[in-house]
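An overview of the molecular structure
If you want the building blocks of each chain, they are given just below.
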Amino acid sequence: MKYGPKPRTFILFIKVICKRMKKCRWSEFLKSKACAFCHTAASQGLAVWLAMAVLVSAGLQEEEALGNPRSSYGLGSAGYLKETNLLYSLYVDTPESQWTDADKEQTLSSLLLAADYIEEQAAGYRCETQLICDWQENPELTGNATVDFAISDEEDFVDRLDEEIALWVKEKVDFSGLRKSYNAKGIALLVFVNNPGTSYAIVFDGVDNPKESLILFREEPPSVYAHEILHLFGAHDLYRDAEYTREVTDFVGTTYPLEIMFTVAGEKGVTYTDKIVNEVSPITAYHLGWINDAEEIELFPQLKRR
C-alpha cells in the first residue's frame, strides 16, 4: 500500500464521493489545496451527515470499495509484460543521504535478481518476456536526481516526491527514444531513494501521466522489487484489505500462500536478500497478460481485468 490509514475520518467520508478520489490527500487539506468539492464540503460541515451515513453502512462501503481496482493493464508505458521491456533506474540524493557506487551496485544486484525471477515465472506460463535493466551494460538506462526536502516517516514528503517524479518522467527520461532504440514494448521509471520507507508504484489509471514509475526505498528485499515491478505491468495486490474482497484474499492465502502479490515473504514470514521464493499464481499471470483466462476469474468475477 502506498498510504496507511489516516485518522482523519471526516476527510475520508468526503472523499467517498469526491470525483478526484485519491487525488485529494490529507496534506492538501492542511495546505488548503484540496479540490473545490472536498474543500467546500469540509468548510460547510457536510462531513457530519456523510460520516453518520457511512458509519451506519461501514461494512457495505468496504465491500463496495474493494473488488474494483484501477489497472494499468495495456494502458500505460508499461502495458503488457511480454517481449522486451525496459526499466530505467534513477538514483535520488536527499539532504539526509547520497548514493555511493557500492549502494547503487547493491540495488542493481537485487533488481537483476527480481528481473530474472519475473522472466522465469513468465517462462513457466510459456510466455517469453525480457526485462532490460542492467545499467552497467546499458549506461543509458540510468541517471541521477536531487531533492532539497527531507524524506522520513515523520515528514509528509510523498506529495512533493510525486510532483518531482512527474517532472522527471518528462525531463530526465526519453521514454519514446529508449523504447524505439531497444525495440521495446514497454518502459517504466524506477526511482531509488537511499532512505528507509515503504516502496510503492505509480500506475496509470487512464487519467494521469501514462509514463509509469515506482519508488524503491533502501534495504528492500528482491521480492519487494519484483512485487512493485509487477504492479507496473498490471498485477494487483492480493492481500487482505487492499484491492479485493475478503473472500478473494482468503482464497488466495489458502490456495496460493506464497503468491508474490499476496506476500513478499517466504514460509514462516522469512524474507531473503539473495533469492525470491514466491510464486506467480494463475490470477497474477492473467492480470499480466501471460494467460488469457483462469479458473479463478470465473469463480471471482471481480478479478476480471479491465
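For the structure itself, consult the block above.
Quick look at the structure, then. Nothing here was measured: the structure is a model prediction, and the numbers come from that model. (Residues numbered from 1 in each chain as written. Predicted model: local features only at pLDDT ≥ 70, side-chain atom pairs only at ≥ 80, totals over all residues. Heavy atoms only, no water.)

**Some points on empty space enclosed by the protein**
Counted by the stated rule, this structure contains one cavity of 30 Å³ or more. The computed volume of the largest cavity comes to approximately 30 Å³. Looking at the largest cavity, the residues that line it are Ser 223, Val 264, Ala 265, Gly 266, Val 270, Thr 271, Tyr 272, Lys 275, Ile 276, Val 277 and Asn 278. Within the lining of the largest cavity, the residues separate by chemical class into six nonpolar, four polar and one charged. (1 Å grid on protein atoms, 1.4 Å probe; cavity = no way out; pocket = protein on both sides within 12 Å on 5 of 7 lines; lining within 4 Å. Points joined across faces, edges and corners; volume = space filled by probe spheres on them. Nonpolar A, V, L, I, M, F, W, Y, C, P; charged D, E, K, R; others polar.)

**Looking at unusual backbone geometry**
Here the phi dihedral of Arg 126 falls at roughly 60°; this positive angle occurs in a residue that is not glycine. Along the chain, Arg 126 falls in the loop between α6 (101-124) and β2 (129-132). In this model, Asn 183 sits at a positive phi of 55°, which is unusual for a non-glycine residue. Within the element layout of this structure, Asn 183 appears in the loop between α8 (175-182) and β4 (186-193). Overall, the relative accessible area of 67% leaves Asn 183 in the exposed class. (Helix = DSSP H or I, 4+ residues; strand = E, 2+ residues; numbered from the N terminus. Buried < 20%, exposed > 50% of the residue type's maximum accessible area, 1.4 Å probe, protein only.)

**Considering α8**
A turn of α-helix holds 3.6 residues, and therefore any two residues three or four places apart point the same way. Within α8, the full set of buried residues consists of Phe 175, Leu 178 and Tyr 182. Seen along its axis, α8 keeps its buried residues to an arc of 75°; they face one direction. In α8, those exposed residues whose orientation departs by more than 90 degrees from the buried face are Ser 176, Lys 180 and Ser 181. Those residues of α8 that are buried lie in contact with β1 (83-93), β2, α7 (158-171) and β4. Where α8 terminates, the next one or two residues include Asn 183, which has phi positive at roughly 55°. (Arc of directions from axis to C-beta. Contact = heavy atoms within 4.5 Å.)

**Considerations on the layout of surface pockets**
Approximately 240 Å³ is the volume found for the second largest pocket. Around the second largest pocket, the lining is made up of 16 residues, and of these Gln 106, Thr 107, Arg 218, Glu 219 and Glu 220 lie nearest the centre. Sorting the residues of the lining of the second largest pocket by element identifies α6, β6 (213-217) and α9 (222-232) as the ones contributing at least two each. Looking at the lining of the second largest pocket element by element, the count peaks at four residues for α6.

**Observations concerning the environment of Ile 165**
Assignment of secondary structure puts Ile 165 in helix α7. Ile 165 gets classed as buried once you look at its relative accessible area, which sits at 3%. For the pair Ile 165 and Val 191, spaced 26 residues apart in the sequence, the C-alpha separation amounts to 8.1 Å.

**A look at the packing of aromatic side chains**
Using the criterion set out here, one finds eight aromatic pairs in the structure. An angle of 75° between the planes, with centres 5.1 Å apart, marks the rings of Tyr 91 and Trp 99 as edge-to-face. Judged by its relative accessible area of 1%, Tyr 91 falls in the buried class. Taking relative accessible area as the criterion, Trp 99 reaches 12% and is therefore assigned buried. With centroids separated by 4.9 Å and ring planes inclined at 15°, the aromatic side chains of Tyr 91 and Phe 192 adopt a geometry described as stacked. Of the two residues, Tyr 91 sits in strand β1 while Phe 192 sits in strand β4, which places them 101 residues apart along the sequence. A relative accessible area of 0% means that Phe 192 is categorised as buried. Above the face of the Tyr 286 ring, Arg 305 is positioned so that its terminal group lies 4.4 Å from the ring centre. (Phe/Tyr/Trp six-rings, centres within 6.5 Å; stacked < 30°, edge-to-face > 60°. Lys NZ or Arg CZ within 6 Å of the ring centre and 35° of its normal.)

Geometric values such as these leave the question of function open.
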